[in-house]
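# Inside the fold
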Amino acid sequence: MSPRHNHDRCLATREVLNRVGDKWSVLIVGTLGGGPRRFSDLRRSIEGISQRMLTLTLRGLERDGLVKRTVFPTIPPRVDYELTKQGLTLLDPIQALSDWADDNRMTVQAARDRFDAAEARREQVARRGERATGTSAPARGTVARSS
């Protein structure tokens, strides 16, 4: 594979993942996996999403061909959203990711706890060393220079 082809592929992957990988898109696609929903139903079903964010995300999903918007000529107009054939293909990967998160939640939390505890110990040791020598340690990620 040429470097140019690999670069183009990475850009395309990133572009698609930016759309389908954000939390609101994942939640919307998952909710629409149960069938068509009205805007107000979606808003009530997805905790924490604002009307503006729901509108923007639905518009992006529609633009990408993943969601179909249907307006019914009633008063007031009724608008339904549903997954397109392409949008339905996202349900399995989203479900697999959700299952992985459920299966590994405790392991990930344990790793975070270990990391945070080790980080706190490193910072504590660095502070003790500063007090003992009367100097301050270089900021993390910098290299101390000798004169």
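The structure reproduced in this document is the subject of the present report. (Residues numbered from 1 in each chain as written. Predicted model: local features only at pLDDT ≥ 70, side-chain atom pairs only at ≥ 80, totals over all residues. Heavy atoms only, no water.)

## Examining the pattern of salt bridges
When the charged atoms of two side chains with opposite charge come close together, those side chains can pair. Convention followed: Whenever Lys or Arg places a side-chain nitrogen within 4 Å of a carboxyl oxygen from Asp or Glu, that contact is recorded as a salt bridge. For helices the rule is a DSSP run of H or I covering at least 4 residues; for strands it is a run of E covering at least 2, with both sets numbered from the N terminus onward. A 1.4 Å probe rolled over the protein chains alone gives each residue an accessible area, and that area as a share of the maximum for its type sets the label: buried under 20%, exposed over 50%, partly exposed in between.
Evaluated as defined, the whole model comprises three salt bridges. One salt bridge in this structure joins Arg-78 and Asp-80, with 2.9 Å as the shortest N-O distance. Glu-119 is the salt-bridge partner of Arg-122, the closest N and O atoms lying 2.5 Å from each other. Remark: Glu-119 and Arg-122 occur in helix H6 (residues 91–133); sequence separation between them is three residues, near one turn of the helix. The partly exposed category is assigned to Arg-122, whose relative accessible area is 45%.

## Observations concerning the sheet that holds strand S3 (residues 78–83)
Applied cut-off: Only when DSSP finds a minimum of two bridges between them are two strands counted as paired. Note on contacts: a residue pair is in contact if any heavy atoms of the two residues lie within 4.5 Å. Where helices are involved, their axes are fitted lines through C-alpha atoms of the stretch in contact, as for all axes, and angles between N-to-C directions lie from 0 to 180°.
In spatial order, the strands read S1-S3-S2; together these three strands make up an open sheet with antiparallel pairing. Looking along the sheet, the strands with just one partner apiece sit at the ends: strand S1 (37–38) and strand S2 (67–72). Where S1 and S3 come together, two bridges link them in antiparallel fashion. Considered in S3, the bridge of Arg-37 is made with Tyr-81. Its contacts with the sheet place helix H2 (residues 23–32) against S1, S2 and S3, and it is angled at close to 95° to S3.

## Some details on helix H4 (residues 51–63)
The α-helix winds at 3.6 residues per turn, so residues separated by three or four positions along the chain end up facing the same way. Where we set the bar: One less than the residue count of a helix, multiplied by 1.5 Å, gives the span that helix is expected to have. Picture the helix axis, draw a direction to every C-beta atom, and the arc is the one those directions span.
With 13 residues, H4 should cover 18 Å at 1.5 Å per step; its first-to-last C-alpha distance of 18 Å lies within 8% of that length. Within the span of H4, buried status applies to Leu-54, Thr-57, Leu-58, Gly-60 and Leu-61. Down the axis, H4 shows its buried residues gathered within 160° of arc, on one side only. Opposite the buried face of H4, at more than 90 degrees from it, the exposed residues are Arg-52, Arg-59 and Arg-63.

## So, the packing of aromatic side chains
Each aromatic ring pair is characterised by the separation of its centres together with the angle its planes make. The condition is simple: Working definition: a ring pair exists when centres of Phe, Tyr or Trp rings (six-membered ring for Trp) sit within 6.5 Å. Plane angles under 30 degrees give stacked, over 60 give edge-to-face, the rest tilted. A positively charged side chain is recorded as over a ring if its NZ (Lys) or CZ (Arg) lies within 6 Å of the ring centre. The angle to the ring normal must also be within 35 degrees.
Here the structure, examined in full by the defined rule, presents one aromatic pair. A ring pair is formed by Phe-39 and Tyr-81, whose centres lie 6.5 Å apart and whose planes are at 55°; its orientation type is tilted. With a gap of 42 residues between them, Phe-39 in helix H3 (residues 39–45) and Tyr-81 in strand S3 connect regions that are remote in the sequence. Of the residues examined, Tyr-81 reaches a relative accessible area of 8% and is grouped as buried. Against the face of Phe-72 rests Arg-78, its NZ or CZ located 4.2 Å from the ring centre.

## Overview of the pairing of S2
Within a regular strand, the side chains alternate between the two sheet faces. Summarising the sheet, S2 and S3 pair through six bridges and their orientation is antiparallel. Across the sheet, Arg-69 pairs through a bridge with Tyr-81, a residue of S3. Remark: five residues form the turn of the hairpin made by S2 and S3, two consecutive strands paired antiparallel.

## With respect to the side chain of Thr-31
Which entries qualify depends on this criterion: Nitrogen and oxygen atoms within 3.5 Å of one another constitute a polar contact, given that in protein one can donate a hydrogen and the other can accept it, and given that sequence-neighbouring residues count only through two side-chain atoms.
Looking at the element boundaries, Thr-31 is found in helix H2. Of the polar contacts made by the side chain of Thr-31, one reaches the backbone oxygen of Leu-27; its length is 2.8 Å.

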